[in-house]
Structures are given as C-alpha cells and as structure tokens.
Amino acid sequence: MRIVVIGTGYVGLVSGVCFSDFGHDVVCVDKDARKIDMLNSGKVPIFEPGLDQLMMRNVEAGRLRFTLDLNEAMEGAEAVFIAVGTPTRRGDGHADLTYVMAAAQEVAKAAKDYIVVVTKSTVPVGTNRKVREVMTETAPELDFDVASNPEFLREGAAIDDFMKPDRVVVGIETERAAKVMADIYRPLYLREFPIVVTDLESAEMIKYAANAFLATKITFINEIAALCEKVGADVKQVSKGMGLDNRIGKKFLHAGPGYGGSCFPKDTKALARIGQENASPMMITEAVIAINEQVKRRMVDKLLELCDGSFNGKTIAIMGVTFKPNTDDMRDAPSLTVVPALLGGGAKVRVVDPQGRHEGEHLLPGVEWLDDPYAATEHSDLIVIMTEWNEFRALDLTRIAGGMKTARMADLRNVYSAEDARNAGFEAYSSIGRPDMAR
Ligand SMILES: NC(=O)c1ccc[n+]([C@@H]2O[C@H](COP(=O)([O-])OP(=O)(O)OC[C@H]3O[C@@H](n4cnc5c(N)ncnc54)[C@H](O)[C@@H]3O)[C@@H](O)[C@H]2O)c1
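Residues numbered from 1 in each chain as written. Predicted model: local features only at pLDDT ≥ 70, side-chain atom pairs only at ≥ 80, totals over all residues. Heavy atoms only, no water.

**Q** Quick question: what am I supposed to make of the layout of surface pockets here?
**A** Empty space among the atoms becomes visible once a probe the size of a water molecule is rolled across them. Taken as a whole, the second largest pocket encloses approximately 270 Å³ of empty space. The wall of the second largest pocket is formed by 14 residues, among which Glu229, Lys302, Glu305, Ser430 and Asp436 lie closest to the centre. Where the lining of the second largest pocket is concerned, the elements lending two or more residues are α13 (283-306) and β14 (428-431). Among the elements that line the lining of the second largest pocket, the one with the most residues is α13, at five residues. A breakdown of the residues in the lining of the second largest pocket according to their chemical character gives five nonpolar, one polar and eight charged. (1 Å grid on protein atoms, 1.4 Å probe; cavity = no way out; pocket = protein on both sides within 12 Å on 5 of 7 lines; lining within 4 Å. Points joined across faces, edges and corners; volume = space filled by probe spheres on them. Helix = DSSP H or I, 4+ residues; strand = E, 2+ residues; numbered from the N terminus. Nonpolar A, V, L, I, M, F, W, Y, C, P; charged D, E, K, R; others polar.)

**Q** When you look at the site of the ligand in this model, what are you seeing that I'm missing?
**A** The full set close to the ligand counts 25 residues, and Asp30, Lys35, Thr86, Glu155 and Lys266 are the nearest of them. Within the side chain of Thr86, one N or O atom sits 2.5 Å away from an oxygen atom of the ligand. Within the side chain of Glu155, one N or O atom sits 2.8 Å away from a nitrogen atom of the ligand. Here the ligand, which alone exposes 840 Å², has 89% of that area covered by the protein. (Near = heavy atom within 4 Å. Polar contact = N/O pair within 3.5 Å; in protein donor to acceptor, adjacent residues only side chain to side chain. Areas by Shrake-Rupley, 256 points an atom, 1.4 Å probe, with all protein chains shown as cover.)

**Q** Can you help me understand the environment of Gly16 in this one?
**A** Topologically, Gly16 is positioned in helix α1 (residues 10-21). When its relative accessible area of 0% is taken as the criterion, Gly16 is described as buried. Separated by 39 residues in the primary sequence, Gly16 and Met55 have C-alpha atoms spaced 8.9 Å apart. Ignoring anything within four residues of it in the chain, the contact list for Gly16 reads Val5, Val26, Cys28 and Leu64. (Buried < 20%, exposed > 50% of the residue type's maximum accessible area, 1.4 Å probe, protein only. Contact = heavy atoms within 4.5 Å.)

**Q** What's the story with the pattern of salt bridges in this structure? I'm lost.
**A** For side chains bearing opposite charge, pairing can occur when the charged atoms are close. Tallied over the full model, the rule gives 28 salt bridges. Residue Lys120 pairs with Glu151 through a salt bridge whose shortest N-O separation is 2.8 Å. A residue pair is termed long-range when its members are at least 10 positions apart, and Lys120 in the loop between β5 (115-119) and α6 (127-138) and Glu151 in the loop between β6 (144-148) and α7 (158-163) qualify at 31 residues. In this pair, the class of Lys120 matches that of Glu151, namely buried. For the salt bridge of Arg331 with Glu155, the shortest nitrogen-to-oxygen distance reads 3.9 Å. In this pair, Arg331 sits in the loop between β9 (315-319) and α14 (335-344) while Glu155 sits in the loop between β6 and α7, placing the two residues 176 residues apart along the sequence. Assessed through its relative accessible area of 8%, Glu155 is described here as buried. (Salt bridge = Lys/Arg side-chain N within 4 Å of Asp/Glu carboxyl O.)

**Q** In this structure, what is going on with the side chain of Glu48? I would like to understand it.
**A** Within the fold, Glu48 resides in the loop between α2 (33-40) and α3 (51-60). Buried Glu48, no salt bridge; nearest opposite-charge side chain is Lys324, N-O distance 7.4 Å. A polar side-chain atom of Glu48 sits 2.8 Å from the main-chain amide nitrogen of Gly156. Side-chain polar atoms of Glu48 contact the backbone nitrogen of Ala157, separated by 3.3 Å. Residues within four places of Glu48 in sequence aside, it is in contact with Val14, Arg154, Glu155, Gly156, Ala157, Ala158 and Ile159. (Lys, Arg positive; Asp, Glu negative; His and termini not counted.)

**Q** Where do I start with helix α10 (residues 200-231) in this structure?
**A** Counting along an α-helix, one turn takes 3.6 residues, and residues three or four places apart therefore face a common direction. A rise of 1.5 Å per residue sets the reference length of α10, with its 32 residues, at 46 Å; its end C-alpha atoms lie 47 Å apart and thus fit the reference within 8%. Two to three positions downstream of the cap, the backbone nitrogen of Glu201 sits 3.2 Å from a side-chain oxygen, assigning the N-cap of α10 to Asp199. With its phi angle positive at about 85°, Gly232 sits one or two positions after the end of α10. (Expected span 1.5 Å × (residues − 1).)

**Q** Help me understand the sheet that holds strand β11 (residues 368-369) in this model?
**A** Whenever strands of a sheet pair, they do so through backbone hydrogen bonds, lying parallel or antiparallel. The six strands are arranged β11-β10-β9-β12-β13-β14 in an open sheet whose pairing can be described as parallel. The outermost strands of the open sheet, each flanked by one partner alone, are β11 and β14. As judged from the four bridges shared by β9 and strand β12 (residues 382-385), these two strands associate in the parallel manner. From the neighbouring strand, Ile318 faces β12, where its bridge partner is Val384. (Pairing = 2+ DSSP bridges.)

**Q** Just checking my understanding: could you explain the pairing of β14 for this structure?
**A** Regular strands place side chains that alternate from one sheet face to the opposite one. Of the two faces of β14, the one carrying Ala428 and Ser430 and the one carrying Tyr429 and Ser431 are both buried. In terms of strand pairing, strand β13 (residues 408-411) meets β14 through four bridges, oriented parallel. The partner of Asp411 across the bridge, within β14, is Ser431. Traced from β13 through helix α18 (residues 418-424) to β14, the parallel crossover comes out right-handed. (Right-handed = clockwise from strand over helix to strand, strands pointing away.)

Here is the structure:
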C-alpha cells in the first residue's frame with residue numbers, strides 16, 4: 001500500500017513509522033520545516049522510546065520518507081491519514097478542527113485518483129462527514145471515501161500500543177474503503193488483534209467515550225484518596241483490593257496529582273461540549289473535569305502545609321514535570337498548576353526531569369533546571385516527587401535527607417512510604433491517600 005500521513009506529532013509519526021514497518025510505502029508530511037529537517041537528518045523531534053531505531057530501519061529500507069510537499073507525497077497514494085492536532089478551542093471547550101479541515105482541503109486539492117481519507121485525529125462526532133463536505137466542495141470531481149480510525153496509543157509505550165493494540169477501530173461507509181483499511185491493517189488482522197468495524201459516528205464516539213471513562217477512573221480514585229486521608233485508610237491498598245476485581249481492573253487506579261497530558265483534559269472538555277450542544281449533558285464527565293482541577297489545587301495545599309503555611313523564601317526541588325514518565329510531553333501537566341503556585345508564593349524552584357526540559361523551559365519560566373536529584377535537593381526545604389520516572393524510584397533517600405535544609409518530602413505518586421522516609425531521616429513525608437508521617 002502507498003500511504004500518506006499528515007502531521008508528524010506523537011500520533012502521526014508513530015503511525016507512519018509503524019505502517020512502514022508493516023511493509024507499506026509511507027510518506028509523512030508536516031508543515032513544520034524544523035521537524036521535517038530533523039526527520040530527514042535521522043533525528044526524532046519527540047521523545048518516544050524505541051522510535052528512532054524503528055524509524056531509521058524503515059528509512060534505510062526505503063519504505064519511509066518525510067516531506068513538506070503534500071502534492072508530491074500524494075503521488076499514487078491509496079490512503080491519507082490526517083493526524084494533526086485537535087486542541088481545545090479557546091473559550092468554549094470544543095475541539096478546534098481548524099487543522100483537520102485545512103488538511104482535508106489540502107488533500108482534496110492534491111489528490112488525483114481515488115483515495116481514502118482517514119481521520120486519525122480525535123474529533124467530535126460528525127467531523128468525518130464535515131471532512132467529506134469540505135472535500136466535495138473543494139474538489140467536486142474527486143473520487144474518494146472517508147474513514148474514521150481513532151488512535152489509542154499511549155505516549156511512552158506508543159510503538160507497542162500501535163503494533164499490539166487492544167483493538168483497532170475503523171468507521172467506514174463503503175466496501176471499497178473497507179477493503180483499503182483491511183489491506184492497511186492486514187498484519188494486525190493476521191495476528192488476530194480485534195478490529196472493530198463501525199459506522200463513522202460510532203467510531204468517533206468510541207474514542208471520546210474511552211478517554212472520558214479512563215479520566216473518570218483516575219478521578220474516582222483521586223477522590224477516594226482524599227477521603228482515605230480523612231478517615232485513615234491507605235489508597236494503595238484500596239486500589240489493590242478494588243482492582244483485583246476483574247470487572248473493575250487495576251489499570252488507571254493509581255491516585256496522583258490529577259490527570260494531564262495531550263488527550264484527557266481536552267477530550268473530556270470536548271465530550272462535555274458535544275453533550276451540551278446535543279442537549280444531552282455529560283454530567284459525569286463535567287464533574288470529572290471540575291474535580292480534576294480541585295485535585296491539582298489540593299496538591300498545592302499539601303505542599304503549603306509541608307512548608308508551614310508559606311512558600312516564601314523556601315527552596316523546593318521538583319522531581320519530574322512531564323505529565324507522565326517516558327515522554328517529553330508537557331501539555332496540561334499537573335506541574336503547570338503546581339510550579340507557578342510555588343513561584344508565585346515566593347519559592348525558589350529547582351526542577352529535575354529526564355526529558356522535560358526542552359518543552360518545559362518556556363512553560364515554566366523562573367525555575368532552575370538541574371540534571372542531578374542530589375544537587376537539586378542540596379540545602380532545599382522540600383522535595384516533591386511529581387512524575388514517577390524510573391530515575392526517581394530508587395533515590396538514596398538517606399543521602400537526600402542528609403543534604404536538605406529541612407528534610408521534607410511530598411510524594412505525589414506514592415513511590416515511597418512513610419517508613420522509607422522515616423528510616424532515611426526525613427522529618428516530614430506526605431503522599432496521596434495515605435496517612436502522613438507524624439511530625
Ligand atoms: N498524543 C497522544 O498520545 C494521542 C493519542 C491518541 C490520539 N491523539 C490525537 O491525535 C491527534 C494528533 O495528536 P498529536 O499529539 O500527535 O499532535 P501534535 O501536536 O504532536 O502533532 C500534530 C502535527 O501536525 C502538524 N500539522 C498541523 N496541520 C498540518 C497540515 N495541514 N499539514 C501538515 N502537518 C500539519 C503539526 O505541525 C504537528 O507536527 C490529536 O487529535 C490527538 O487528540 C493523540
């Protein structure tokens with residue numbers, strides 16, 4: 001198959017690389033010349049484990065290339081995947097479809113023969129029909145079909161998720177498009193991964209419903225965690241006891257500083273907006289959005305308590321600012337709520353993050369970036385475990401406590417325990433949904 005992928009972000013680049021690894025002939029297109037230059041010189045613009053090797057293997061095999069020129073890329077293509085961003089539209093929470101519609105128009109202008117236009121971006125119900133309208137208006141003579149193929153990969157495990165998906169969802173309307181999609185995903189059909197074929201609207205809805213459900217699960221356990229703190233229960237034990245029930249499952253039951261990232265915040269908002277527009281309010285999702293904001297603010301209160309009620313003049317070392325480990329993505333990370341509150345309160349903030357600096361530098365002005373957790377905590381008043389990178393899971397806590405001005409820890413990912421902290425010489429330790437170490 002000859003495939004074009006528009007957008008070389010977290011989804012487009014991973015999809016393009018993996019399709020080429022399936023054996024297809026893939027051209028990835030982006031408007032960002034810096035990204036295309038980097039890709040053409042063998043560098044991956046994002047941090048995603050394993051992506052650089054897989055990309056180079058397929059470039060060298062002649063199955064994968066990168067260009068700014070959509071017209072040239074479309075030559076002989078049988079399918080084009082739109083994998084551009086759909087950020088939250090300013091003001092109303094709706095998904096901003098500007099990039100998707102612009103890409104659809106460009107495809108309509110560039111295509112000459114029959115093509116399947118596949119939307120991989122996360123888009124509100126009805127968008128694929130709008131894509132078809134826009135294409136028909138732009139190129140009334142063009143023979144094409146639209147297809148919806150939402151993506152479920154997780155940053156940090158994207159290649160595995162793409163190659164070994166729980167399922168592939170394909171929304172289509174014609175046999176002809178079904179055949180093209182089946183050919184593209186043949187390697188996954190052959191290995192018997194479930195392929196769910198639906199109408200366009202159901203495919204679009206599956207993606208939002210899945211993300212809103214996962215955000216709800218995280219928010220539920222975060223709310224339970226707050227209650228655990230009040231009644232003296234341990235949320236880690238509660239999660240374990242709940243998660244072993246197969247009907248519930250243990251994933252997405254880890255209490256923390258609130259969900260963030262490029263998907264859950266914007267997709268929950270977009271689903272709430274779709275509900276409002278259709279007079280069918282998504283009340284659970286709306287509550288989840290509001291509670292998640294409270295969870296992030298609760299983190300600031302927690303840190304304030306550990307700083308005896310004032311951040312002013314305190315030195316605080318933050319371990320991890322990306323929204324989760326194994327990514328450099330900072331979009332809607334809880335750190336973007338917490339760190340400015342510390343700076344605003346007069347604290348000096350030092351940050352260590354294995355991959356977050358490049359993205360984080362312009363988002364968190366005023367912090368000092370260091371590479372070493374021990375140097376960052378030296379003479380500090382508080383260490384905060386914000387993101388559970390492996391690098392922060394086995395710190396020498398005795399060494400850290402020994403170097404701090406006041407040995408206090410906020411463990412917002414429940415990586416350590418009050419006992420670990422006490423044994424290492426910490427005078428205060430606070431985590432999520434578990435009893436604090438008594439001071
Ligand atoms: N990031 C994730 O983990 C993830 C997972 C599943 C689904 N999604 C969805 O996938 C979509 C893409 O997300 P992302 O994180 O990869 O976005 P991203 O912002 O990382 O990348 C989008 C890319 O598209 C390019 N682009 C925009 N308009 C273009 C055009 N007309 N022509 C060529 N290039 C263009 C941009 O320059 C950018 O490089 C979103 O709808 C998102 O919700 C993301």
